[in-house]
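# Descriptive structure summary
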Amino acid sequence: MTGKFSNQGDISPAGTIIHTCPLNNITEIVSMRFNNSDANYILTVSKYDSSISANVLLYVKSLTLGDTITDNMLYILNPGDYIYVECSVANTTYIITGEDMPNVNMIR
């Protein structure tokens, strides 16, 4: 499926995949936002790179309760890639926006 998307939910302390690039597509992640209003928290954001079958660490942030982090960096996901987030405490929320679009390299 292609098109713009906006997903939201909770991050599990065990880790959560917040978006996966569909097969035969590429994905542009344009914004990610995280918040926990209950406790101090450590946020770890990674990109799973299917070409090397490994998570690539994007960043780790130590945040104070109520802090909201907004990441407007552009991330490109290839088929099978995904954004994976871990958080040290429960009740951390996320919003991710972007666009899934046809991968012309896969169509040829």
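Quick note: structure is the one above.
Below, the structure is looked at part by part.

What counts and what doesn't
Residues numbered from 1 in each chain as written. Predicted model: local features only at pLDDT ≥ 70, side-chain atom pairs only at ≥ 80, totals over all residues. Heavy atoms only, no water. Helix = DSSP H or I, 4+ residues; strand = E, 2+ residues; numbered from the N terminus. Rg over C-alpha atoms; globule rule 2.2 N^0.38 Å. Buried < 20%, exposed > 50% of the residue type's maximum accessible area, 1.4 Å probe, protein only. Areas by Shrake-Rupley, 256 points an atom, 1.4 Å probe, with all protein chains shown as cover. Lys, Arg positive; Asp, Glu negative; His and termini not counted. Charge placed at Lys NZ, Arg CZ, Asp CG, Glu CD. Polar contact = N/O pair within 3.5 Å; in protein donor to acceptor, adjacent residues only side chain to side chain. Pairing = 2+ DSSP bridges. Patch = residues over 30% accessible without salt bridge, like charges linked within 9 Å, V, L, I, M, F, W, Y side chains within 5 Å. Salt bridge = Lys/Arg side-chain N within 4 Å of Asp/Glu carboxyl O. Core = buried A, V, L, I, M, F, W, Y, C linked by side-chain atoms within 4.5 Å. Contact = heavy atoms within 4.5 Å.

Broken down by element type, the protein chain carries 1 helix and 9 strands. Walking the protein chain from its N terminus toward its C terminus, one meets helices and strands in the order β-β-β-β-β-β-β-β-β-α. In summary, the protein chain has a C-alpha radius of gyration of 14 Å against a globular reference of 13 Å for 108 residues, a match within 12%. Each principal axis of the C-alpha atoms in the protein chain carries an extent, and together these give about 50 × 25 × 20 Å. Counting every position in the protein chain, which comprises 108 residues, the buried fraction comes to 39%. Working note: accessible area of the protein chain is about 6,000 Å², and carbon and sulfur atoms make up 52% of it. Of the charged side chains in the protein chain, 5 are positive and 10 negative, and the gap between their average positions amounts to 9 Å.

For Asn 25, the position within the fold is in strand β3 (residues 25–35). Using a relative accessible area of 5% as the deciding quantity, one classes Asn 25 as buried. A distance of 3.1 Å separates the side chain of Asn 25 from the backbone oxygen of Met 101, its partner in a polar contact.

To continue, consider the pairing of β3. Of all 11 residues in β3, 8 are buried; the element is thus mostly enclosed. Here β3 pairs with strand β9 (residues 92–102) via 10 bridges, running antiparallel. For Glu 28, the partnering residue across the bridge sits in β9 and is Glu 99. In the sheet, β3 pairs with strand β7 (residues 75–77) via 3 bridges, with the strands oriented antiparallel. Within β7, the residue paired with Ile 29 across the bridge is Tyr 75. In terms of strand pairing, β3 meets strand β6 (residues 68–71) through 4 bridges, oriented antiparallel. For Arg 33, the partnering residue across the bridge sits in β6 and is Thr 70.

Right, let's talk about a nonpolar patch on the surface for a bit. A contiguous nonpolar surface patch, about 230 Å² in accessible area, is contributed by Val 30, Leu 74 and Ile 76. Within the fold, Leu 74 resides in the loop between β6 and β7. Overall, Leu 74 belongs to the partly exposed group, its relative accessible area being 48%.

Let us now look at the nonpolar core. Core analysis: the largest hydrophobic core is formed by 20 residues, its most contacted members being Ile 18, Met 32, Phe 34, Leu 43 and Ile 83. Within the residue set of this core, elements represented by two or more residues are β1 (3–11), β3, β4 (41–49), β5 (54–63), β7, β8 (82–87) and β9. Dropping the residues within four chain positions of it, Ile 18 is found in contact with Asn 7, Ile 11, Met 32, Phe 34, Ile 83, Val 85, Tyr 94 and Ile 96.

That's the geometry; what it means functionally is another story.
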